[in-house]
Amino acid sequence: LKQLRQGLGKTRQNLLNQLKSVVGQGPLGADALMDIEALLLQADVGVEATDFIVEALQAKLRQEALPPDQAIIYLKGILRDILDRPLKAQNNPVLAPHHGQLNIWLLTGVNGAGKTTTIGKLAHLGKKSEYSCLIAAADTFRAAAVQQVQTWGDRTGIEVIANPGQNTDPAAVVFDAIAAAKARGTELLLVDTAGRLQNKKNLMAELSKIRRIIDKNAPDAVIESLLVLDSSLGQNGIRQAEVFAEAANLTGVVLTKLDGSAKGGVALAVTQKLGLPIRFIGAGEGIEDLRPFASYEFVEALLG
Ligand code: GDP
């Protein structure tokens, strides 16, 4: 928790300290609600989630006065509700690969979001938890991408399936990777994909071709489609996410670069607006700097 608090330092500083001074002035009133609204928007919580939070506070205030301490506690509860809602729909609070089965996790996201780094970190996490892992370097569009993934493969000691040569078909790489995964009894296959947002049609076509290959060749696999989202982009990231949500059948989000970002509130916009659970959070460039998302921990790091 301490580490996450540090990671969320900037968001925490802005949001918590000011919230405390707003709320700390006595029972919550209409003026304070407006200040809270402004603070939430500043922290990139987004309009929808902010409205929801302010309305929930208002409704509570109609029933009873909220002294400062209770106001913060009540607020934390609302934030946790927002963050947990998509998880309740999916009924699996912590995302983990199923042992003894092939799990295919597709990672999508624009270049620079931290996709490759996240694959490295997930591979490390998977290996530590004694899953047999494999990485497919299916971002064949960028010449450097395959090399970058390979570097993480070397670092984690996990095999990378790649196709040499540029502009190979990403679906062909996935095909090879599935064959390799079956031959080796792999439990977790991590697939790096190209992050070209400029052309939504291409992106959709590429991702749906990959999905067809998976459905055909690994029909029993447990599939996760995770969007890697740079939290420092704030609301712009949400717009990107909407495009990927349309193209990639997303099942969850990995929120990266929470360290140093003052926009940690974007986590709430992701769950409220996109209805997607946050599955992991990245708060650093190191191999250990990825953790499963837990709403309690996140809210405490933000406001505790
Ligand atoms: P990709 O283009 O999406 O594959 O992005 P990369 O994985 O290459 O990451 C882009 C840059 O962001 C690299 O310099 C990473 O070290 C950095 N990065 C990735 N995740 C994090 C994170 O959680 N925190 C910080 N501070 N940097 C990160």
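Going by the annotation in an unreviewed UniProt entry, the name recorded for the protein is Signal recognition particle receptor FtsY, with Prochlorothrix hollandica PCC 9006 = CALU 1027 given as the source organism.

Chemist: Would you explain the overall build of the protein in this entry?
Modeler: The secondary structure content of the protein amounts to 12 helices and 8 strands. For a compact globule of 304 residues, the expected C-alpha radius of gyration is about 19 Å, and the protein comes in at 20 Å, within 12% of that figure. Taken along its principal axes, the extent of the C-alpha atoms in the protein is 65 × 40 × 30 Å. The burial tally for the protein puts 53% of its 304 residues in the buried class. Considering only intrachain contacts with a sequence separation of at least 6, the fraction spanning at least 24 residues in the protein is 77%.

Chemist: When you look at the site of the ligand in this model, what are you seeing that I'm missing?
Modeler: Near the ligand lie 17 residues; those nearest to it are Gly-112, Thr-116, Thr-117, Gln-148 and Glu-285. Between Ala-113 and the ligand, the recorded distance is 3.2 Å, taken from a backbone N or O atom to an oxygen atom. Within the contact set of the ligand, an oxygen atom lies 2.4 Å away from a side-chain nitrogen or oxygen of Thr-116. Within the complex, the protein chains bury 80% of what would otherwise be the 580 Å² of accessible surface of the ligand. Sorting elements by how many residues they give to the shell around the ligand places helix α6 (residues 115-128) first, with 4 residues. Across the shell around the ligand, the residue classes tally to 3 nonpolar, 8 polar and 6 charged.

Chemist: What is the right way to read the UniProt feature "domain: SRP54-type proteins GTP-binding" (unreviewed entry) in the protein from this model?
Modeler: Per the UniProt annotation, the sites labelled "domain: SRP54-type proteins GTP-binding" (unreviewed entry) are residues 277-290. Between the end C-alpha atoms of residues 277-290 there is a gap of 16 Å, over a span that is 0% helix and 43% strand.

Chemist: Hey, could you run me through the pattern of salt bridges in this one?
Modeler: Between side chains of opposite charge, a pair can form as their charged atoms come close. Scanning the model with the defined rule gives 10 salt bridges in all. Across the pair Asp-230 and Lys-257 runs a salt bridge whose closest N-O atoms are separated by 3.5 Å. Taken together, the positions of Asp-230 in strand β5 (residues 222-230) and Lys-257 in the loop between β6 (252-256) and α11 (266-274) put the pair 27 residues apart, joining distant regions of the chain. Overall, Asp-230 belongs to the buried group, its relative accessible area being 9%.

Chemist: I tried to follow the environment of Leu-57 on my own but got confused; where do I start?
Modeler: When you line up the elements, Leu-57 lands in helix α4 (residues 47-63). A residue is classified by how much of its surface remains accessible, and Leu-57, at 1% relative accessible area, is buried. Considering only alpha carbons, one finds Leu-57 and Asn-202, 145 residues apart in sequence, at a separation of 44 Å. Those residues within four positions of Leu-57 in sequence are excluded, and the remaining contacts are Leu-28, Leu-33, Ile-36, Leu-66, Tyr-74, Leu-75 and Ile-78.

Chemist: What should I look at first to understand helix α10 (residues 235-248) in this one?
Modeler: For an α-helix, 3.6 residues make a turn, and residues three or four places apart therefore share a direction. Here α10 is 14 residues long and its end C-alpha atoms lie 20 Å apart, about the 20 Å a rise of 1.5 Å per residue gives. If you check which residues of α10 are buried, you get Gly-237, Ile-238, Gln-240, Ala-241, Val-243, Phe-244, Ala-247 and Ala-248. On its buried side, α10 packs onto β1 (103-108), α9 (200-217), β5 and α11. Positioned one or two residues after α10, Asn-249 has a phi angle of 55 degrees, which is positive.

Chemist: What exactly am I supposed to notice about the nonpolar core here?
Modeler: Ranked by size, the top nonpolar core spans 77 residues in total, and within it Leu-28, Ile-53, Leu-57, Trp-105, Leu-255 and Phe-298 carry the most contacts. If you tally residues by element for this core, the top one is helix α5 (residues 68-90), at 7 residues. Those residues in contact with Leu-255, other than ones at most four positions away along the chain, are Leu-229, Ser-231, Val-266, Ala-267, Ile-278, Phe-280, Ile-281 and Gly-282. Membership of the second largest hydrophobic core comes to 21 residues, among which are Ile-104, Ile-161, Ala-171 and Ala-177.

Chemist: Explain the pairing of strand β4 (residues 188-193) here, please?
Modeler: Regular strands place their side chains on alternate faces of the sheet. Along β4, 6 of the 6 residues are buried, which leaves the element largely enclosed by surrounding structure. Residues Leu-188, Leu-190 and Asp-192 of β4 are buried on one face, and the alternating residues Leu-189, Val-191 and Thr-193, pointing to the opposite face, are buried as well. As judged from the 5 bridges shared by β1 and β4, these two strands associate in the parallel manner. Bridge pairing links Leu-106 to Val-191 in β4. When strand β2 (residues 133-138) meets β4, the two strands line up parallel, connected through 6 bridges. Of the residues in β4, the one forming a bridge with Ala-137 is Asp-192.

Cut-offs used in this document
Residues numbered from 1 in each chain as written. Predicted model: local features only at pLDDT ≥ 70, side-chain atom pairs only at ≥ 80, totals over all residues. Heavy atoms only, no water. Helix = DSSP H or I, 4+ residues; strand = E, 2+ residues; numbered from the N terminus. Rg over C-alpha atoms; globule rule 2.2 N^0.38 Å. Buried < 20%, exposed > 50% of the residue type's maximum accessible area, 1.4 Å probe, protein only. Contact = heavy atoms within 4.5 Å. Near = heavy atom within 4 Å. Polar contact = N/O pair within 3.5 Å; in protein donor to acceptor, adjacent residues only side chain to side chain. Areas by Shrake-Rupley, 256 points an atom, 1.4 Å probe, with all protein chains shown as cover. Nonpolar A, V, L, I, M, F, W, Y, C, P; charged D, E, K, R; others polar. UniProt positions renumbered as here; feature names shortened; annotations may be inferred. Salt bridge = Lys/Arg side-chain N within 4 Å of Asp/Glu carboxyl O. Expected span 1.5 Å × (residues − 1). Core = buried A, V, L, I, M, F, W, Y, C linked by side-chain atoms within 4.5 Å. Pairing = 2+ DSSP bridges.

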